[in-house]
Each structure stands twice: as C-alpha cells, then as structure tokens.
Amino acid sequence: MTKKKSILNDQDYKRIITRIAYEIIEKHKGVKNLALVGIQTRGDFLAKRLADQIAAIEGTTPPVGSMDINMYRDDWTKISHQPTVRPSNIPFSVDDKEIILVDDVLFTGRTIRAAMEALMDFGRPARIELAILVDRGHRELPIQADYQGIFADTEPEDMIHVHVLEQDNEDCVYRELKFS
C-alpha cells in the first residue's frame, strides 16, 4: 500500500532554480571557467534550466553537457541485464573547468560517485561541485550537495518522484510513502 504526498510544485521549482543560480554566481563570482553537466535524465533538464537562469542574471550562458552514468554504476547488474545506455554529450573540454554536476535527487551518493568517475573519463576538472533539487538523506558514501533545493525527510523504503515539464508535462515532486 502506498500514499503520495506532494513536496514541490511548479512555482517551487522556479524559486529553487533561481536561488541556486544566484548561489552559484555568488560563490564563483560570475561564470568564468564554469560549466554544468546534468546527470541523465532529469538532471540534464535541470542543468539546462540552471544555465538559462544564470544567463538571465549574468548575461553569459555557461556551457552545458549531459552525461549517462549507467555503465559506471556499482549496481547496474541489479537494475537490468541489459542497461539502457544513452550517449553522453559534453561539447567542451572539462580540463581545468569548474564543473557543477546537476541531478534531481541525492540519496545514497552512489549515483554521484559514478558521475564523478564518468566525468574523469572526459578529462581533469579543476573542481567538481554538486547541485541537486531534492536531498533525501540516507547516505552510504561521504557525498553532499554544494547547492540544494530542499531536504525531504524520508524513510529508506520511500520513493521520491521528480517530474519535469520537458519529459513529464509537469513540474512537481512527490513522495511515495510505503505502508505494510
């Protein structure tokens, strides 16, 4: 048995993206040498939104790439015998760039570990930071977000569902609570 609880709506999305964009600009004192890389699938859309918001504020759009990390996951054999691998698209050199990885949900930290490993196959960034929409806790690895939308207090068996307009025709986040 499950129950759905709304966490974010479309207006929350806009506020969070705007706030994170300002935090990135403030910390980096602009956008020089900065690039965003979204972790597919929904992190990719969020990275593009962040870049657009940064451009609206600064007048300069940072480069944006997207990355599939499925083959770098330590659990890919548990997900599927034949994982779907999409092409990564990082149309710039990551060498000596300050890269901000963008994802929708931070949970155990394993996805981000895989993303950092995958990114290193593209070169050697000067720094890697992390921007996420929802932090749900329950870390298994010592990884934390530099820029965070919200913290959602969850149980390990709960699910966080992120919908983005570009793929799901709506912007919302909800928590699916499991009951026995």
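Everything numeric in this text was worked out from a predicted model, so none of it was measured. Throughout this document, residue positions are counted from 1 along each chain, in the order its sequence is written. A pLDDT threshold of at least 70 governs which residues receive local features in this predicted model, and a stricter bar of 80 or more applies before side-chain atom pairs are shown or counted, although totals over entire chains, interfaces and linings include all residues. Water and hydrogen atoms were dropped before computing side-chain values, which therefore reflect all heavy atoms in the structure.

Novice: I would appreciate a short explanation of the nonpolar core in the present structure.
Specialist: Here is a general trend for soluble globular proteins: nonpolar side chains tend to be buried in one another's company. Nonpolar cores are built from buried Ala, Val, Leu, Ile, Met, Phe, Trp, Tyr and Cys residues. Side-chain atoms within 4.5 Å join them into one set. Accessibility here uses a 1.4 Å probe with only protein chains present; expressed as a share of the type maximum, an area under 20% marks a residue as buried, one over 50% as exposed, and anything in between as partly exposed. Core analysis: the largest hydrophobic core is formed by 29 residues, its most contacted members being Ile24, Leu50, Ile100, Leu133, Val134, Val162 and Val173. Each helix corresponds to a stretch of at least 4 residues labelled H or I by DSSP, and each strand to a stretch of at least 2 residues labelled E; elements are numbered beginning at the N terminus. Of all the elements in the fold, those that place two or more residues in this core are α1 (10–28), β2 (34–39), α2 (42–58), β4 (98–106), β5 (127–135) and β7 (159–163). Among the elements that make up this core, the one with the highest residue count is α1 (seven residues). It only takes one pair of heavy atoms within 4.5 Å for two residues to be counted as in contact. The contact partners of Leu50, leaving out residues within four places of it in the chain, are Ile17, Ile20, Ala21, Ile24, Leu36, Val102 and Ala131.

Novice: What exactly am I supposed to notice about the packing of α1 against α2 here?
Specialist: Each axis is a line fitted through C-alpha atoms, and for a helix only the stretch in contact is used; angles between axes span 0 to 180 degrees, taken between their N-to-C directions. At a minimum axis distance of 9 Å, the contact between α1 and α2 shows a crossing angle of 65 degrees. Of the two elements, α1 crosses α2, and the hand of that crossing is right-handed. Contacts between α1 and α2 involve Tyr13, Ile17, Thr18, Ile20, Ala21, Tyr22, Ile24 and Ile25 from the first element and Leu46, Arg49, Leu50, Gln53, Ile54, Ile57 and Glu58 from the second. All amino acids are sorted into three groups, where Ala, Val, Leu, Ile, Met, Phe, Trp, Tyr, Cys and Pro are nonpolar, Asp, Glu, Lys and Arg are charged, and the leftover types, Gly among them, are polar. Along the lines of polarity and charge, the residues of the contact of α1 with α2 split into eleven nonpolar, two polar and two charged. By definition, turning the near helix anticlockwise from the far helix through less than a right angle yields a left-handed crossing, and turning it clockwise yields a right-handed one.

Novice: How should the sheet that holds strand β8 (residues 172–178) be read in this particular structure?
Specialist: When DSSP finds two or more bridges between a pair of strands, those strands are recorded as paired. Spatial strand order, β1-β8-β7: three strands in an open sheet with antiparallel pairing. Of all the strands in the sheet, just β1 (2–8) and β7 have a single pairing partner and so form its edges. Ignoring which end each strand starts from, the neighbouring axes of this sheet average 25 degrees apart. Running at roughly 45 degrees to β1, α1 makes contact with β1, β7 and β8 of the sheet.

Novice: Quick question: what am I supposed to make of the side chain of Thr108 here?
Specialist: Here Thr108 is to be found in the loop between β4 and α4 (110–120). For the purposes of these results, a polar contact is taken to be a pair of N or O atoms within 3.5 Å, where, inside protein, one atom must be able to donate a hydrogen and its partner to accept one; residues adjacent in sequence count only when each atom of the pair is a side-chain atom. A distance of 3.3 Å separates the side chain of Thr108 from the backbone nitrogen of Arg110, its partner in a polar contact. For Thr108, the contacting residues outside a window of four places in its chain are His138, Arg139, Glu140 and Leu141.

Novice: It is not clear to me how α1 should be interpreted in this structure. Could you clarify?
Specialist: Within an α-helix, residues lying three or four positions from one another point in the same direction, as the helix has 3.6 residues per turn. Under the convention used throughout, the expected extent of a helix is 1.5 Å for every residue step, that is, one less than its residue count. Under the 1.5 Å per step criterion, the end-to-end length of α1 is 27 Å for 19 residues, consistent within 8% with the ideal 27 Å. Among the residues of α1, Asp12, Tyr13, Ile16, Ile17, Ile20, Ala21, Ile24, Ile25 and His28 are the ones counted as buried. Between the side-chain oxygen at the start of α1 and the backbone nitrogen of Gln11 there is a gap of 2.9 Å, and the oxygen is on Asn9. Lys29 occupies a position one or two residues after α1 and carries a positive phi of about 55 degrees.

Novice: It is not clear to me how empty space enclosed by the protein should be interpreted in this structure. Could you clarify?
Specialist: The rolling of a water-molecule-sized probe over the atoms marks out the regions of remaining empty space. Note on definitions: the grid is 1 Å and covers protein atoms alone; a cavity is a set of points where a 1.4 Å probe fits but cannot get out; a pocket is an open set with protein on both sides within 12 Å along at least five of seven lines; lining residues have an atom within 4 Å of a point. Grid points are joined across faces, edges and corners, and a volume is the space filled by probe spheres set on the points. Counted according to the given criterion, the structure contains one cavity of 30 Å³ or more. Reported here for the largest cavity is a volume of approximately 60 Å³. As for the largest cavity, its lining consists of Ile16, Ile17, Ile20, Leu46, Leu50, Val102, Asp103, Ala131, Ile132 and Leu133. Of all the secondary-structure elements, those providing two or more residues to the lining of the largest cavity are α1, α2, β4 and β5. Of the residues belonging to the lining of the largest cavity, the class tally is nine nonpolar, no polar and one charged.

Novice: Please explain the side chain of Asp104 as it appears in this structure.
Specialist: Within the secondary structure, Asp104 sits in strand β4. We count Lys and Arg on the positive side and Asp and Glu on the negative side, and we leave His and both chain ends out. Put simply, a salt bridge is a Lys or Arg side-chain nitrogen that is within 4 Å of an Asp or Glu carboxyl oxygen. Of the side chains with opposite charge, Arg42 comes closest to the buried, unpaired Asp104, at an N-O distance of 5.1 Å.

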